Amino acid sequence: MDTSFCLTGRKLIPATVTKGGFTTPVWQQALWKKGAFARKIRHNGCGHCCTAMAATLMGKKIDPYEEYMLCRTLWGAPDEAREQDHFLSVGGIAQVLNHLGVKAHCFGAENKEQSSHHIVEQLQEGKLVILMADPFGEKNACFSTGYHYVLLADLTDDGKILVANSSKKGFT
């Protein structure tokens, strides 16, 4: 397995993820300050952070702000009155990944058992997975208390999933 997982030690949030010779920082959305739309990334940027991390790990270096601006190019300005727009949807993330030529998958609110099988299958094939961490409304989700995207980067030799989480909350 060609993956290293460097931990900061603070709540087990990794500082970087390396896969296949490419390294990405694990973007912390709440700390984002770059650009005129920084507030959007701080408040709703988990999908943008995950998409940027996945793209960078596949050799397409892009940061969350550049990914957000790509979304604006693809779809125009988001509807400010709605939080769930193309910019934050599973389908929107999949379209951006496809546009960038990135071999990664995005899973959302599907059948839990079926999704788990497909996620592990994708990781075993060396692909990246972006997962909506609480698609089934589980209030005790380990990544967030609401809907939140995380990047599943790889499987460890003992079968654990390496997770890059843009939230400050740690993971188990």
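Rules used in this analysis
- Along each chain, residue indices are assigned from 1 in the same order as the chain's sequence is written.
- Reporting of local features is limited, given that this is a predicted model, to residues whose pLDDT is at least 70; pairs of side-chain atoms are given and counted only at 80 or more, and all residues count toward the totals for whole chains, interfaces and linings.
- Side-chain numbers come from the whole structure's heavy atoms, not from hydrogens or water.
- Secondary structure follows DSSP: runs of H or I at least 4 residues long count as helices, runs of E at least 2 residues long count as strands, and numbering of each begins at the N terminus.
- Accessible area is worked out with a 1.4 Å probe on protein chains only. A residue is then buried under 20% of its type maximum, exposed over 50%, and partly exposed in between.
- The criterion used for residue contact is that any of the two residues' heavy atoms lie within 4.5 Å.
- Throughout, the Shrake-Rupley method with a 1.4 Å probe supplies accessible areas, and for residues the shown protein chains are the sole cover considered.
- For the purposes of these results, a polar contact is taken to be a pair of N or O atoms within 3.5 Å, where, inside protein, one atom must be able to donate a hydrogen and its partner to accept one; residues adjacent in sequence count only when each atom of the pair is a side-chain atom.
- Summary of the metric used: pLDDT quantifies the predictor's per-residue confidence within the range 0 to 100.
- The arc in question is the one spanned by the directions pointing from the helix axis to the C-beta atoms.
- Aromatic rings from Phe, Tyr and Trp, taking only the six-membered ring of Trp, are treated as a pair when their centres fall within 6.5 Å; an angle between ring planes under 30 degrees marks them as stacked, one over 60 as edge-to-face, and anything in between as tilted.
- Side-chain atoms within 4.5 Å are what join buried Ala, Val, Leu, Ile, Met, Phe, Trp, Tyr and Cys residues into a set we call a nonpolar core.
- Pairing between strands is defined by DSSP: at least two bridges between the two strands are required.
- For helices, the fitted line uses only the C-alpha atoms of the stretch in contact; every axis is such a line through C-alpha atoms, and the angle between N-to-C directions lies from 0 to 180 degrees.
- Roughly parallel covers angles under 35 degrees, roughly antiparallel covers those over 145, roughly perpendicular covers 65 to 115, and oblique covers all other angles.
- Under this grouping Gly is polar, as are all residues other than the nonpolar Ala, Val, Leu, Ile, Met, Phe, Trp, Tyr, Cys and Pro and the charged Asp, Glu, Lys and Arg.

Draft legend 1. Representation of the overall build of the chain. A tally of regular secondary structure across the chain gives five helices and seven strands. Each helix (α) and strand (β) of the chain, taken in turn from the N terminus, gives the series β-β-β-α-α-α-α-β-α-β-β-β. In the chain, which comprises 172 residues, the share counted as buried stands at 47%. In the chain, of all internal contacts separated by at least 6 residues, the share reaching a separation of at least 24 is 54%. Surface summary for the chain: the accessible area is close to 8700 Å², and the carbon and sulfur share equals 54%.

Draft legend 2. Region of interest: the side chain of Thr-18. Take Thr-18: it is sitting in strand S2 (residues 14-19). A polar contact of 2.7 Å, which involves the side chain of Thr-18, links it to the side chain of Thr-23.

Draft legend 3. Spotlight on the confidence of the model for the chain. Mean pLDDT over the chain works out to 77, with 70% of the residues at or above the 70 mark. By mean pLDDT, strand S1 (residues 3-7) is the weakest element of the chain at 40, and helix H2 (residues 46-57) is the strongest at 93. With pLDDT under 50 throughout, residues 1-12 is counted as low confidence; its partners more than four residues away or in other chains account for 34 contacts.

Draft legend 4. Examining helix H4 (residues 90-100) more closely. Looking at H4, one finds that the buried residues are Gly-92, Ile-93, Val-96, Leu-97 and Leu-100. Seen from one end, H4 has its buried residues packed into an arc of 135 degrees, which puts them on one side. Its buried side turned inward, H4 meets H2, helix H3 (64-75), strand S4 (104-107), strand S5 (128-132) and strand S6 (149-155). In the segment just after H4, Gly-101 is the residue with positive phi, at about 75 degrees.

Draft legend 5. Just the packing of aromatic side chains, in detail. Under the definition given, this model contains two aromatic pairs. With a centroid separation of 5.2 Å and an interplanar angle of 80 degrees, the aromatic rings of Trp-27 and Trp-32 are classed as edge-to-face. Overall, Trp-32 belongs to the buried group, its relative accessible area being 7%. Between Phe-37 and Tyr-68, the ring centres sit 5.4 Å apart and the planes meet at 40 degrees, which makes this aromatic pair tilted. Linking Phe-37 in the loop between strand S3 (22-25) and helix H1 (38-44) with Tyr-68 in helix H3, this pair joins segments that are 31 residues apart in sequence.

Draft legend 6. Structural context of the nonpolar core. With 28 residues, the main nonpolar core has Met-53, Ala-54, Leu-97, Leu-128, Ile-130, Tyr-149 and Leu-151 as its most contacted residues. Counting residues per element, the ones that place at least two in this core are H2, H3, H4, S4, S5, S6 and strand S7 (161-164). If you look at the next biggest cluster of nonpolar residues, it comprises nine residues, including Leu-123, Val-129, Leu-152 and Val-163.

Draft legend 7. Here's a closer look at the sheet that holds S7. The strand order across the open sheet formed by four strands is S4-S5-S6-S7, and the pairing between neighbours is mixed. Both edges of this open sheet fall to S4 and S7, since each of them pairs with a single strand only. Between one strand and the next, the sheet's axes are offset by a mean angle of 30 degrees, whatever the strand orientation. As defined by bridge partners, S4 adjoins S5 across four bridges and the pair is classed as parallel. Within S5, the residue paired with Phe-107 across the bridge is Leu-131. Lying on the sheet, H2 is in contact with S4, S5, S6 and S7; it crosses S6 at an angle near 30 degrees. Sheet strands touched by H4: S4, S5 and S6. Its angle to S4, the strand with the most contacts, is close to 175 degrees.

Draft legend 8. Spotlight on the packing of H3 against H4. Packing of H3 against H4 leaves a shortest axis separation of 11 Å and a crossing angle of 95 degrees. Classified by the angle their axes make, H3 and H4 are roughly perpendicular. Note on element contacts: H4 touches H3 through Gly-92, Gln-95, Val-96, His-99 and Leu-100, opposite Glu-67, Leu-70, Cys-71, Leu-74 and Trp-75. By residue class, the composition of the contact of H3 with H4 is six nonpolar, three polar and one charged.

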